[in-house]
Amino acid sequence: MTSLSPSMSVPVTIYDTTLRDGTQGTGISFSTLDKIRVAEKLDDFGVHYIEGGWPGSNPKDAAFFQEAAKRTWKNAKITAFGMTRRGKVKVEDDAQVQMLLDAQTPAVTIVGKTWPLHVTEVFQVSLEENLAMIADTVAYLKKHGREVLYDAEHFFDSFREDPEYSLKTVKAAKDAGADLVVLCETNGGALPEWVEEVTRKVIAHLGGPVGIHTHNDGGVGVANALAAVRAGANQVQGTINGYGERVGNCNLITVMPNLQLKMGFDLGLDLTRLRDLAFFVDELANVPHDIRAPYVGLAAFTHKGGLHVHAVQKLARTYEHVDPSLVGNERVITISDMSGQSNVLMKAEAMGVALTKGSPEVQKILATVKHMESEGFEFEAAEASFELLIRKQLGQQTRCFDLIEYHTTHRYHSGSSTETTEATVKIHVNGNDEYTVDEGDGPVNALDKALRKALLPHFPAIAQVRLEDYKVRIIDSGSGTAAKTRVLVVSSDGTRTWGTVGVSTNVIDASWQALVDSLEHYLFKQP
Ligand SMILES: CC(=O)SCCNC(=O)CCNC(=O)[C@H](O)C(C)(C)COP(=O)(O)OP(=O)(O)OC[C@H]1O[C@@H](n2cnc3c(N)ncnc32)[C@H](O)[C@@H]1OP(=O)(O)O
Ligand SMILES: CC(=O)C(=O)O
């Protein structure tokens, strides 16, 4: 948990809504497995709340909560999101509210209306009924033992038009037992001065701190969250990389270092893993990294101009607002191409491999990683491929077979509209040649099945391994069909999941690399 900051009077918690508000962003979609992986990463990183989704919204979110309930979370409280009971419906009869309880989370966040415009024009219920909807829902969830966070939608727009009613809505939530009232800058158009002033007034009125949830429509989502914290807010809600509805939410990847490194709040977070977290979530969302992202972007500490490079080489802080290593990034000086060792050391350490900075092994690994990254590899969400790379460079035996050849065919018969995909695999394993053939839903599935068939007699344990997810990204879109593709495969043995990567101009070859890494990594990890 957070501790009191030396310079501020209240601690601040971080509430992540990547898996709910983040997925409301155009182009952002996570499978249930992706959601679990993101939640595990966030928990590991140390955020305090993870909003997993809206249980009444879609089957993926409902499945996430079922999976989440089976796991132990080290740092974060998993939170289910929903809305207040509907107008003129008893709270105990409201199916959405019931689903919030069924999600079995320790905390629940409900959104309610603040703005009379929405209440009378959109809901078409009376202002009094809206207050009752808020109070009934909070009280009901409290009665069922949940920590309740109340999201006051459109608070800052509403306060401009009707401050008295706006305050009544949050008072209704607080009096009904809400553990925290969160002021939402839903339409994202307010400026920091207004957010700070209103937050201060609400804290004075409620007699206690509030949370802040901002959107980035005016480009000041992070600034607005910081303004609220200056006024005394003690929870910041946001998303990784700022994904979210319309132009997105307050970017946690920016706001967390600002709070911890600049404003003196001890959030209890190891920010040296910040960049890794940002890249991991981008990879699972299949979104290209923003090179200009503050703190974590590839350009964030890249110095190009001659005057800058000259000064930075003498004294880095002449052109750097923080030391890049504090956020897991690195300085890049474009003319001298220096970067990287710290990242390799950090990742190796997380895998239990101790390396020494400056040693020939590290130099060799670094050179290989840099070469592979220039070819299009990304290891953030492919930690198993990265581990294999390190182990191979250290001379450890990870290879369990030698490929002789593989072959795939795909036939489409227009008369019968049937498709057949077949793969053959020829490998040398444990002194034998194995030659297998299998069919699949597509070439990758067929190859996967044929390869397993060849390996199974020698390594029966691989029967446990399942291919859980498969993502393809074009990484050189200027080259048309000759573009390189990066394939990310996620595998599981039922208790553990791991990611592997392959890159090639041929999607089948890239897939093969990722499949082979997946099985080799599994076998390498067998006791
Ligand atoms: C500010 C935010 O980001 S809030 C989160 C927004 N996120 C989403 O909407 C994504 C998930 N949403 C969904 O899956 C669906 O919209 C559902 C399942 C929640 C509801 O679906 P539907 O029942 O088909 O309703 P629909 O989406 O068309 O309309 C919303 C309904 O909720 C009501 N509603 C909206 N906000 C609230 C609220 N805070 N409290 C109670 N009722 C509300 C509306 O009045 C409308 O009810 P009506 O159909 O009786 O007029
Ligand atoms: C609750 C929420 O997501 C909003 O008001 O923006």
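Every chain begins its residue count from 1, and numbering advances along the sequence as written. Here every chain gets a letter starting at A, and every ligand a number starting at 1, in the order they are written. Reporting in this predicted model follows two pLDDT cut-offs: at least 70 for local features of residues, and 80 or more for side-chain atom pairs to be given and counted; totals over whole chains, interfaces and linings ignore these cut-offs and use all residues. No hydrogens and no water enter the side-chain calculation; it runs on all heavy atoms of the structure.

Caption draft 1: Inspection of the side chain of Thr424 at higher detail. The residue Thr424 is located in strand 12 (residues 418-429) in this model. Pairs of residues are marked as contacts when any of their non-hydrogen atoms sit within 4.5 Å. In this structure, Thr424 is in contact with Glu405, Tyr406, His407, Tyr435, Thr436 and Val437, ignoring residues within four places of it in sequence. Strands are runs of DSSP state E lasting at least two residues, helices are runs of H or I lasting at least four, and both sets are numbered from the N terminus onward.

Caption draft 2: Seen up close, the site of ligand 1. Around ligand 1 sit 18 residues, and of these Gln24, Ser57, Thr84, Arg86 and Val111 come closest. A 3.5 Å cut-off defines polar contacts: any pair of N or O atoms within that distance qualifies, except that in protein one atom must be a possible hydrogen donor and the other a possible acceptor, and neighbouring residues in sequence count only when both atoms are side-chain atoms. Within the side chain of Ser57, an N or O atom sits 2.7 Å from an oxygen atom of ligand 1. Between Arg86 and ligand 1, the recorded distance is 2.8 Å, taken from a side-chain N or O atom to an oxygen atom. Against a free-state accessible area of 1,000 Å², the protein chains account for coverage of 56% of ligand 1. Counting only elements with at least two residues in the shell around ligand 1, the list comes to strand 3 (77-83) and strand 4 (107-113). Per element, the largest residue contribution to the shell around ligand 1 is 3 residues, and it comes from strand 4. Looking at side-chain class alone, the shell around ligand 1 contains 6 nonpolar, 7 polar and 5 charged residues. Summary of the distance rule: residues count as near a molecule or strand when at least one heavy atom falls within 4 Å of that molecule or strand. Here the Shrake-Rupley method, with its probe set to 1.4 Å, supplies the accessible areas, and only the displayed protein chains count as covering residues. Each residue receives one of three labels: charged for Asp, Glu, Lys and Arg, nonpolar for Ala, Val, Leu, Ile, Met, Phe, Trp, Tyr, Cys and Pro, and polar for the others, Gly being one of them.

Caption draft 3: Fine view of the site of ligand 2. Around ligand 2 sit Arg20, Asp21, Val111, Asp151, Glu153, Cys184, Thr186, His213 and His215, and those are all the residues in its vicinity. Interatomic distance of 3.0 Å between a side-chain N/O atom of Arg20 and an oxygen atom of ligand 2. Side-chain polar atom of His215 to an oxygen atom of ligand 2: 3.0 Å apart, as the coordinates give it. Within the complex, 93% of the 220 Å² of free accessible area of ligand 2 lies under protein. The class makeup of the residues in the shell around ligand 2 is 2 nonpolar, 3 polar and 4 charged.

Caption draft 4: Quick look at the sheet that holds strand 12. Any two strands with at least two DSSP-identified bridges between them are counted as paired. As summarised here, the arrangement of the 3 strands in space is 11-12-13, forming an open sheet in which the pairing is antiparallel. The sheet terminates laterally at strand 11 (402-413) and strand 13 (432-440), the two strands that pair on one side only. Geometrically, the sheet is characterised by an average inter-axis angle of 10° between neighbouring strands, direction not taken into account. Pairing between strand 12 and strand 13: 9 bridges, direction antiparallel. Paired with Glu422 across the two strands is Glu439, which belongs to strand 13. Relative to strand 13, helix 16 (residues 443-455) is tilted by about 145°, and along the sheet it contacts strand 11, strand 12 and strand 13. The angle between two axes is taken between their N-to-C directions and runs from 0 to 180 degrees, where each axis is a line fitted to C-alpha atoms and a helix contributes only its stretch in contact.

Caption draft 5: Structural context of helix 17 (residues 507-525). Over its 19 residues, helix 17 extends 27 Å from the first C-alpha to the last, a length consistent with the 27 Å expected when each residue adds 1.5 Å. A 1.4 Å probe rolled over the protein chains alone gives each residue an accessible area, and that area as a share of the maximum for its type sets the label: buried under 20%, exposed over 50%, partly exposed in between. Counted residue by residue, helix 17 has 14 buried out of 19 residues, so it is predominantly covered. Two or three places before Ile508, at the opening of helix 17, Asn506 has a side-chain oxygen 2.7 Å from that residue's backbone nitrogen. In a helix, the anticipated span is given by 1.5 Å times the number of residues less one.

Caption draft 6: Up close: helix 9 (residues 221-231). Counting buried positions along helix 9 gives 9 out of 11 residues, so the element sits mostly inside the fold. Every buried residue of helix 9 is listed here: Gly221, Val222, Asn224, Ala225, Leu226, Ala227, Ala228, Val229 and Ala231. Packing partners of the buried residues in helix 9 comprise strand 6 (180-185), helix 8 (192-206), strand 7 (211-214), strand 8 (235-238) and helix 10 (252-262). Downstream of helix 9 by a residue or two, Gly232 has a phi angle that is positive, lying close to 120°.

Caption draft 7: Fine view of the packing of helix 14 (residues 360-375) against helix 15 (residues 383-393). For the pair helix 14 and helix 15, interaxial distance at closest approach is 10 Å and the crossing angle is 135°. By the angle between their axes, helix 14 is oblique relative to helix 15. Judged by the sense of rotation from one axis to the other, the crossing of helix 14 with helix 15 is right-handed. Seen from helix 14, the contacting residues are Lys364, Ile365, Thr368, Val369 and Met372; seen from helix 15, they are Phe386, Leu389, Ile390 and Gln393. Taken together, the residues of the contact of helix 14 with helix 15 break down into 6 nonpolar, 2 polar and 1 charged. Geometric relationships in this document are graded by angle, where less than 35 degrees denotes roughly parallel, more than 145 denotes roughly antiparallel, 65 to 115 denotes roughly perpendicular, and other angles denote oblique. It is the rotation of the near helix from the far one that decides the hand of a crossing: anticlockwise by less than a right angle makes it left-handed, clockwise makes it right-handed.

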